[in-house]
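Report on the structure
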2 protein chains.
Amino acid sequence: MPSIRVAVLASGGGTDLQSIIDASEANEINAEVVLVVTNNPGAYCLERADKHGIDGVAIDHRKKKREEHERMMADAIDPYEPDLIVLAGYIRMLTPWFIDHYRNRMINIHPALLPLFGGPGMHGTKVHAAVLESGMKVSGCTVHFVDEDVDGGPIIVQKAVPVLEGDTPDTLQARVLSEEHVLLPRAVQLFAEGRLRIDGKRCEIEPR
Amino acid sequence: MPSIRVAVLASGGGTDLQSIIDASEANEINAEVVLVVTNNPGAYCLERADKHGIDGVAIDHRKKKREEHERMMADAIDPYEPDLIVLAGYIRMLTPWFIDHYRNRMINIHPALLPLFGGPGMHGTKVHAAVLESGMKVSGCTVHFVDEDVDGGPIIVQKAVPVLEGDTPDTLQARVLSEEHVLLPRAVQLFAEGRLRIDGKRCEIEPR
């Protein structure tokens, strides 16, 4: 099976990005990361890309209108002709234009069991702090298609993670992250295999 | 450790009740079911109680005011001096009087990952139909203390269960039920060991 071409957007360290790169280099997934884009010129994800011979580009969002910034990102992305865009810790809100431009081929990973603990402003340790505050004993992570509802698009895969007594946002984040690094390559592979069928707000996984 | 005395309220077949009886008879938990109460005179849970030599009582809710019915239930329950009341598939809404009467010693099992898919009217296969409709790939079950918020009291334990492609409400219910039968005795044992500390809407489990 040929590999799909993947562009990854990230704002920070990029451990989720690393999970795709590792799975790709180990031939565990039929996917190749062809470009890493960040809004944060100092983000470590650029170094990760460079270490693996992947093109990286920083497009600073500051002093730009939101759609102007996104059109610049798309201008950087589209020449690579990616089959799939992965938001891997990309924390900026997206405009309807960008969402529509990559409709049904852009996915996001979120560190909770959506629809819980999602929406505007919910990222990083804020998510895990909210889980602990709620008293839930289970959290998890979700990979979903991106649509106009923030963190509300069709869910592709989810994995539950236990909340343990004494957890802090940091310890819970670490436990969830390690599952993210399994879940995200799995979602990419399902996309690569052409097995995802979007039906309204649901995403069905077709048998092999 | 001495056994706590448990009264179980159920409206139907009582498989969750059976899970407590089985764990008790196998000495896996320090708890003894001393009474089964139902609002449904034809409910199979009464036969289960009888088979195990447990007192059972049906108090029909029909043609009674809600609080009148509940005061009759409490009059039946309280002479048994239970330490814990377990709602195991008891589907009627409770009045503030009943909730307050058994405050911090009444728990409920719900066939979803609360706060998702709970609230008035959400019971039985309706819950699982709603999960499937949502497109979530994970569901589960929850045991929580009962307070004035329907399905909204402090969560004691939760267990996640995968949603599989092709699931119907019935197949998902069966998978969740089998986890309920593990989760509910575990919650009863934590209560018996005196390890549950309620703090507002959270419930902490103390180390042994």
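What counts and how
- Residues numbered from 1 in each chain as written.
- Chains lettered and ligands numbered in written order.
- Predicted model: local features only at pLDDT ≥ 70, side-chain atom pairs only at ≥ 80, totals over all residues.
- Heavy atoms only, no water.
- Pairing = 2+ DSSP bridges.
- Helix = DSSP H or I, 4+ residues; strand = E, 2+ residues; numbered from the N terminus.
- Axes fitted to C-alpha atoms, helices over the stretch in contact; angles between N-to-C directions.
- Contact = heavy atoms within 4.5 Å.
- Buried < 20%, exposed > 50% of the residue type's maximum accessible area, 1.4 Å probe, protein only.
- Buried area = accessible area lost by both parts, 1.4 Å probe.
- Salt bridge = Lys/Arg side-chain N within 4 Å of Asp/Glu carboxyl O.
- Polar contact = N/O pair within 3.5 Å; in protein donor to acceptor, adjacent residues only side chain to side chain.
- Least-squares fit on C-alpha atoms with pLDDT ≥ 70 in both.

1. So, the sheet that holds strand β2 (residues 31-38) of chain B
All names here are of chain B. Pairing is mixed in the open sheet, where 7 strands are placed in the order β3-β2-β1-β4-β5-β6-β7. Edge positions in the sheet fall to β3 (55-58) and β7 (155-162), since each has one partner strand and no second. Ignoring which end each strand starts from, the neighbouring axes of this sheet average 20 degrees apart. Sitting on the sheet, helix α6 (residues 169-192) touches β1 (4-10), β2, β4 (84-87), β5 (106-110), β6 (138-145) and β7, and the angle it makes with β7 is about 155 degrees.

2. A short note on the sheet that holds strand β2 (residues 31-38) of chain A
Residue and element names in this part refer to chain A. Judged by pairing direction, the sheet is mixed, and its 7 strands sit side by side in the order β3-β2-β1-β4-β5-β6-β7 without closing on themselves. Each edge of the open sheet is held by one strand with a lone partner, namely β3 (55-58) and β7 (155-162). Taken pair by pair, the neighbouring strands of this sheet meet at an average axis angle of 20 degrees, ignoring direction. Of the strand pairs in this sheet, strand β4 (residues 84-87) and strand β5 (residues 106-110) are connected by 3 bridges, and their pairing is parallel. Bridging across to β5, Ile 85 finds its partner in Met 106. Contacts from helix α2 (residues 44-51) reach β1 (4-10), β2 and β3 within the one sheet, and its direction differs from that of β2 by about 145 degrees.

3. Some thoughts on unusual backbone geometry
Residue and element names in this part refer to chain A. With omega at 15 degrees, the peptide bond leading from Leu 114 into Pro 115 counts as cis. Along the chain, Pro 115 falls in the loop between β5 and α5 (125-134). The backbone phi angle of Phe 117 is positive, close to 60 degrees, even though this residue is not glycine. Among the secondary structure elements, Phe 117 is positioned in the loop between β5 and α5. Since its relative accessible area comes to 17%, Phe 117 is described here as buried.

4. What to know about the interface of chain B and chain A
The partner chain A presents 23 residues to the 23 residues of chain B that form the contact. Of the roughly 1,700 Å² buried between chain B and chain A, counting both surfaces, carbon and sulfur atoms make up 61%. Linking chain B to chain A there are 0 salt bridges. Taken together, the connections running from chain B to chain A amount to 10 residue pairs in polar contact (both at pLDDT 80 or more). Secondary-structure elements contributing two or more residues to the side of chain B that touches chain A are α5 (125-134), β7 and β9 (202-205) of chain B.

5. Quick look at the relation of the copies chain B and chain A
For the pair chain B and chain A, the relating rotation is 180 degrees, the translation along its axis is 0.0 Å, and the fit reaches an RMSD of 0.0 Å. This pairing of chains is accounted for by a two-fold axis. Taking C-alpha positions as reference, the residue of chain B nearest the rotation axis is B:Ala160, located at 3.1 Å. Same-surface contact between copies: 100% of interface residues of chain B are shared with the interface of chain A.

6. Overview of the pairing of strand β6 (residues 138-145) of chain A
Residue and element names in this part refer to chain A. Burial analysis of β6 places 8 of its 8 residues in the buried class, which makes it a mostly covered element. Here β6 shows two buried faces, one formed by Val 138, Gly 140, Thr 142 and His 144 and the other by Ser 139, Cys 141, Val 143 and Phe 145. Summarising the sheet, β5 and β6 pair through 4 bridges and their orientation is antiparallel. Bridge pairing links His 110 to Thr 142 in β6. Alignment of β6 against β7, held across 7 bridges, turns out to be antiparallel. Within β7, the residue paired with Val 138 across the bridge is Pro 162.

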